Amino acid sequence: RLIQPLIGGIYTADPDCLSMRATLQQFVDFEKKYGSLIRAMRSTQGKQSGNSKEAGTGARYGQFLAPRLGMSQFVNAIAAQLPVGCVQLRTSVERIERAPAGSGANWCLFLKGSPAPLVFDELIVSSPAYACPPLLERIAPQLAGMIKLIPHAGCSVAVLGYRREQIKHPLTGFGFVAPRIEQRKIIAGSMSSVKFAGRAPDGKVLLRVFVGGALQPELNELDDAGIEKLVRGELQELIGAEGEPEFCLVNRWLGVMPQYHVGHLDLVAKIDAAAEAMEHFALAGNAYHGVGIPFCIRSGEQAAERIAGQV
């Protein structure tokens, strides 16, 4: 009722299939060092209490952070630091090939609708893992085959706006997760306007509800009206949301969340070795060493450092 919905919600996964070492290595370390997770938590809490101003205040709400104007601020900030014209939006790379010997470059990128390839000295492939195999099969078929073995899941996200008086719950938390044992039709719900300032006008509430995942993929086949009906029924039972929402938008993120199943670290070690054997090349992304934004940033920095070290 606790661990399954938390981990299942983060990865939209079936926790029975996940690798503990790949997803919660710190818990493995705790068990080895202290003999049990309870003893580990008691010991670490005791150490933190003397150093933290938040000691004894319960949940560390300061850990919930997001850019004020949304996640696109990350991308826009990076793009603003790049030379004008080097970012090509809505442009598909159809394939990658090695540049001809003596051409003075190492890689050719063939873009959809473009007769001539773009040539580059260095290449970092940061595409989602599910999109990598077709791009890499000409230059590294073995690497492409290994990346293809990483499974993916996904979910649908319903975003709803309510008037505050429509919701009976005091909204004293930031959200909730739904344990599989309770047989709910949702994975989790996030009270976005409580969690982050500025997400809704005064007197309004913005909610996000997650549906589907690896455990209930058939729910993603519902149309938008079906998902809205399902979600509204669950919200009525769980937080007392009554009446019509002011709006409901359904976003579908299907087959895009890498699943760190048992054996993931061994597979990624082979992927890393194959990538490192290629000169002027690096991989980055959320399919290898962590799905969260800090892990993606670290992956990108490591790829950039590898390329920079070869130039």
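What comes next is a walk through the structure. (Residues numbered from 1 in each chain as written. Predicted model: local features only at pLDDT ≥ 70, side-chain atom pairs only at ≥ 80, totals over all residues. Heavy atoms only, no water.)

1. A few points about the overall build of the chain
And then number 1: Scanning the chain from terminus to terminus reveals 11 helices and 10 strands.
And then number 2: Projected onto its principal axes, the C-alpha positions of the chain cover 70 × 50 × 35 Å.
And then number 3: Within the chain, buried positions represent 35% of all 311 residues.
And then number 4: Across the chain, the fraction of contacts at a sequence separation of at least 24, relative to all contacts at a separation of at least 6, is 63%.
And then number 5: Separation of charge centres in the chain, based on 32 positive and 29 negative side chains, amounts to 5 Å. (Helix = DSSP H or I, 4+ residues; strand = E, 2+ residues; numbered from the N terminus. Buried < 20%, exposed > 50% of the residue type's maximum accessible area, 1.4 Å probe, protein only. Contact = heavy atoms within 4.5 Å. Lys, Arg positive; Asp, Glu negative; His and termini not counted. Charge placed at Lys NZ, Arg CZ, Asp CG, Glu CD.)

2. Observations concerning helix H1 (residues 3-11)
And then number 1: Restricting attention to buried positions, one finds in H1 the residues Gln4, Pro5, Ile7, Gly8 and Tyr11.
And then number 2: Next to the buried residues of H1 lie helix H2 (20-23), strand E6 (175-177) and strand E9 (247-258).
And then number 3: Once H1 finishes, Thr12 follows within two positions and takes phi at roughly 45 degrees, a positive value.

3. Points about the sheet that holds strand E2 (residues 107-111)
And then number 1: Read from one edge to the other, the open sheet built from 3 strands follows the order E1-E2-E3, with strand pairing classed as antiparallel. A strand with exactly one partner marks an edge of an open sheet, and here the two such strands are strand E1 (93-98) and strand E3 (118-120). On average, each strand axis in the sheet is tilted by 25 degrees relative to the strand beside it, whichever way the strands run.
And then number 2: Sheet topology places E2 next to E3; 3 bridges connect them, and they run antiparallel. Each bridged residue has a counterpart across the sheet, and for Trp107 the counterpart in E3 is Phe120. (Pairing = 2+ DSSP bridges. Axes fitted to C-alpha atoms, helices over the stretch in contact; angles between N-to-C directions.)

4. Here's the deal with the side chain of His264
And then number 1: Relative to the assigned elements, His264 resides in helix H10 (residues 264-276).
And then number 2: Overall, His264 belongs to the buried group, its relative accessible area being 3%.
And then number 3: Engagement of the side chain of His264 in a polar contact is seen with the backbone oxygen of Ala287, the distance being 3.4 Å.
And then number 4: Once residues lying within four places of it in the same chain are set aside, the contact partners of His264 are Ala22, Gln259, Ala287 and Tyr288. (Polar contact = N/O pair within 3.5 Å; in protein donor to acceptor, adjacent residues only side chain to side chain.)

5. What to know about the side chain of Ser156
And then number 1: Note that Ser156 resides in strand E5 (residues 152-163).
And then number 2: Within the structure, the side chain of Ser156 is placed 2.8 Å from the side chain of Asn220, a separation counted as a polar contact.
And then number 3: Among all residues touching Ser156, those that are not within four sequence positions of it are Val209, Phe210, Val211, Asn220, Ile227, Val250, Asn251, Arg252 and Leu254.

6. Remarks on the packing of aromatic side chains
And then number 1: Here the structure, examined in full by the defined rule, presents 4 aromatic pairs.
And then number 2: On the basis of an interplanar angle of 45 degrees and a centroid distance of 5.8 Å, the ring pair of Tyr11 and Tyr260 is categorised as tilted. Linking Tyr11 in helix H1 with Tyr260 in the loop between E9 and H10, this pair joins segments that are 249 residues apart in sequence. An identical accessibility class is assigned to Tyr11 and Tyr260; each is buried. (Phe/Tyr/Trp six-rings, centres within 6.5 Å; stacked < 30°, edge-to-face > 60°.)

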